[in-house]
Amino acid sequence: MLGPVSGGPAFDDDHPPAKDLIADCVHCGFCLPTCPTYVLWGAEADSPRGRIYLMNQGVSGEPLSDSMVEHFDACLGCMSCVTACPSGVKYDRLIEDTRAQVERRHTRTPRERALRTAVFALFPYPRRLRLLRGPLRAYQSSGLQKLVARSGLLPRLAPTLATLESLAPKLRGVPKPPRRVAARGRRRAVVGMLTGCVQSAFFPDVNSATVRVLAAEGCDVLIPPSQGCCGALSVHNGRRDEAQRFARKLIDTFESTGMDYFVVNAAGCGSSLKEYDTLLADDPAYAAKAAAFTAKVRDLAELLHELGPVAPRHPLELTVAYHDACHLGHAQGIRTQPRSLLSEIPGLKLHEIAEPEICCGSAGIWNVLNPAPAASLGDMKARNVLATGASLLVTANPGCLMQIAAAAQRQGGRIALAHTAQVLDASIRNLGGDALLH
Ligand code: SF4
Ligand code: SF4
């Protein structure tokens, strides 16, 4: 149930979805079979074309109805439709502007507000997330988690909590990264590195592997501990002011470091960082700084591919299924670079996953806000992943790793999971394939 609407036309003059971008849609429907909500529900209003139609109603003066908001909210922001669209419709711009309008102009129910407030008081704050590690580790290791799972009560009493619980990865202690790590051998670049929120709290070993790989490939790595959230979750959920605050702080943190590149190992963060120039375009104090910062942003695989390998690769006898995180594949167009980096490892066999364009259902916090359909999408993805027969699933986004791990476990399937950085690290350090199959 949605709350009352504030009245008046759906959108105000502060960056409504642009009429000319809406007009680019020729209603061909090529995007429909690639849209996860259309695949799930088969309803036109839950397709990209249907949502663009609703945006058009909004810019034509219709009020922001409960049902409109429901269909906008249901969009995962996976950008599969952007890849599929032959007319080049900028759905990413359209939904971002629409979401910012919804957040300002639509009154949510107290329950929805409480859930969103809790999520945004926690997820974009790495220190707060790290505080959860202790209790979570105790919960996992005390046997309480198994007891709760056996009782089957949690999903019935508190589906959101059950989703969070099922997503939490198995935690182990990893030391904090140092502030600066020197390149091994000849220095080829100085890179600033984003440690991330979920990544630093729940996947610190992915960050450690990223630092080691960058150093081995000739990069000085700068990791200021004062860095915060990049604002990705906020901007993807219409909280533009909050995202702008995070962006300004991150730019300030790295501005005087002298970095050549700013490297990101989380796909969702990378896609937002590459749009800082748009996010801060109206801010006279930051527009130029944001454009300069944006030009330096690289996904880890993108940068490593651009630099070319210098560290010798050792064999990893592994069969790997590579999953394109939506914000890497659809939003940044990065598909060949990670595959090429993995294929260069001797002994490693790469398998493709069926229906690669369909989102796994993680989508930032979409799985927390929409636990049941997210689980259905996770199950579809896990079935396709397990059908490859691979022993290791590799992807470049913490959300996808957690979502697919939980779904594979529900299906009783066994597949190890790793970030691209961990596979490269294991090869460079000659750890052998078994090191990744725990
Ligand atoms: S972003 Fe994803 S969920 Fe949203 S309309 Fe496009 S394909 Fe569908
Ligand atoms: S968004 Fe693109 S693919 Fe989808 S209906 Fe419009 S023009 Fe066709």
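Residues numbered from 1 in each chain as written. Chains lettered and ligands numbered in written order. Predicted model: local features only at pLDDT ≥ 70, side-chain atom pairs only at ≥ 80, totals over all residues. Heavy atoms only, no water.

All right, on to the sheet that holds strand E4 (residues 261–264) then. Pairing is mixed in the open sheet, where five strands are placed in the order E1-E3-E2-E4-E5. Of all the strands in the sheet, just strand E1 (180–181) and strand E5 (297–299) have a single pairing partner and so form its edges. Relative to the sheet, helix H20 (residues 300–307) contacts strand E2 (189–193), strand E3 (219–222), E4 and E5, its axis offset from that of E5 by approximately 95 degrees. (Pairing = 2+ DSSP bridges. Helix = DSSP H or I, 4+ residues; strand = E, 2+ residues; numbered from the N terminus. Contact = heavy atoms within 4.5 Å. Axes fitted to C-alpha atoms, helices over the stretch in contact; angles between N-to-C directions.)

On to a positive patch on the surface, then. A surface patch of positive charge is lined by Arg-127, Arg-130, Lys-176 and Lys-249. In this fold, Arg-127 is placed in helix H8 (residues 126–131). (Patch = residues over 30% accessible without salt bridge, like charges linked within 9 Å, V, L, I, M, F, W, Y side chains within 5 Å. Areas by Shrake-Rupley, 256 points an atom, 1.4 Å probe, with all protein chains shown as cover. Salt bridge = Lys/Arg side-chain N within 4 Å of Asp/Glu carboxyl O. Lys, Arg positive; Asp, Glu negative; His and termini not counted. Charge placed at Lys NZ, Arg CZ, Asp CG, Glu CD.)

Next up on the list: the environment of Gly-88. Here Gly-88 is to be found in the loop between helix H5 (80–84) and helix H6 (91–105). Considering only alpha carbons, one finds Gly-88 and Cys-25, 63 residues apart in sequence, at a separation of 8.3 Å.

Okay, unusual backbone geometry next. Backbone geometry at Ala-363 places phi at a positive 50 degrees, although glycine is not the residue there. Topologically, Ala-363 is positioned in the loop between strand E7 (348–351) and helix H23 (366–369). Of note in the backbone geometry, Asn-430 takes a positive phi value of approximately 55 degrees without being a glycine. Along the chain, Asn-430 falls in the segment after helix H26 (420–428).

Another aspect to go through is the site of ligand 2. Around ligand 2, the surrounding shell holds 13 residues, and the nearest of these are Cys-25, Cys-28, Gly-29, Cys-31 and Cys-85. Here the residues of the shell around ligand 2 are counted per class, giving nine nonpolar, three polar and one charged. (Near = heavy atom within 4 Å. Nonpolar A, V, L, I, M, F, W, Y, C, P; charged D, E, K, R; others polar.)

So, on to the packing of aromatic side chains. Following the criterion strictly, the structure yields three aromatic pairs and no others. A centroid spacing of 4.8 Å and a plane angle of 75 degrees characterise the contact between Phe-254 and Phe-262, whose relative ring orientation is edge-to-face. Assessed through its relative accessible area of 0%, Phe-262 is described here as buried. Consider the rings of Tyr-276 and Phe-293, whose centres lie 5.5 Å apart with planes at 20 degrees: the pair is stacked. Here Tyr-276 is found in helix H18 (residues 276–279), whereas its partner Phe-293 is found in helix H19 (residues 287–296), with 17 residues between them in sequence. (Phe/Tyr/Trp six-rings, centres within 6.5 Å; stacked < 30°, edge-to-face > 60°. Buried < 20%, exposed > 50% of the residue type's maximum accessible area, 1.4 Å probe, protein only.)

In this structure the tally under the stated criterion is 27 salt bridges. Note that Arg-339 is salt-bridged to Asp-324, the shortest N-O span being 2.8 Å. Linking Arg-339 in helix H22 (residues 336–343) with Asp-324 in the loop between strand E6 (318–322) and helix H21 (326–329), this pair joins segments that are 15 residues apart in sequence. Under the relative-accessibility criterion, Arg-339 is labelled buried at 15%. A relative accessible area of 11% means that Asp-324 is categorised as buried. Look at the salt bridges and you will find they share partners, linking Asp-73, Glu-103, Arg-108, Glu-112 and Arg-116 into a network.

In a packed pair of helices, the relevant descriptors are the angle between the two axes and the axis-to-axis distance. One can describe the packing of helix H4 (residues 66–74) onto H6 by two numbers: an axis separation of 11 Å at closest approach and a directional angle of 130 degrees. Taken together, H4 and H6 sit at an angle that is classed as oblique. Our pair here, H4 against H6, has a crossing hand that is left-handed. Facing H4, whose interface residues are Val-69, Phe-72 and Asp-73, H6 presents Ile-95, Thr-98, Arg-99 and Val-102. By residue class, the composition of the contact of H4 with H6 is four nonpolar, one polar and two charged. (Parallel < 35°, antiparallel > 145°, perpendicular 65-115°, else oblique. Left-handed = near helix turned anticlockwise from the far one by under 90°.)

Interpretation note: all reported values are geometric properties and have no functional meaning in isolation.
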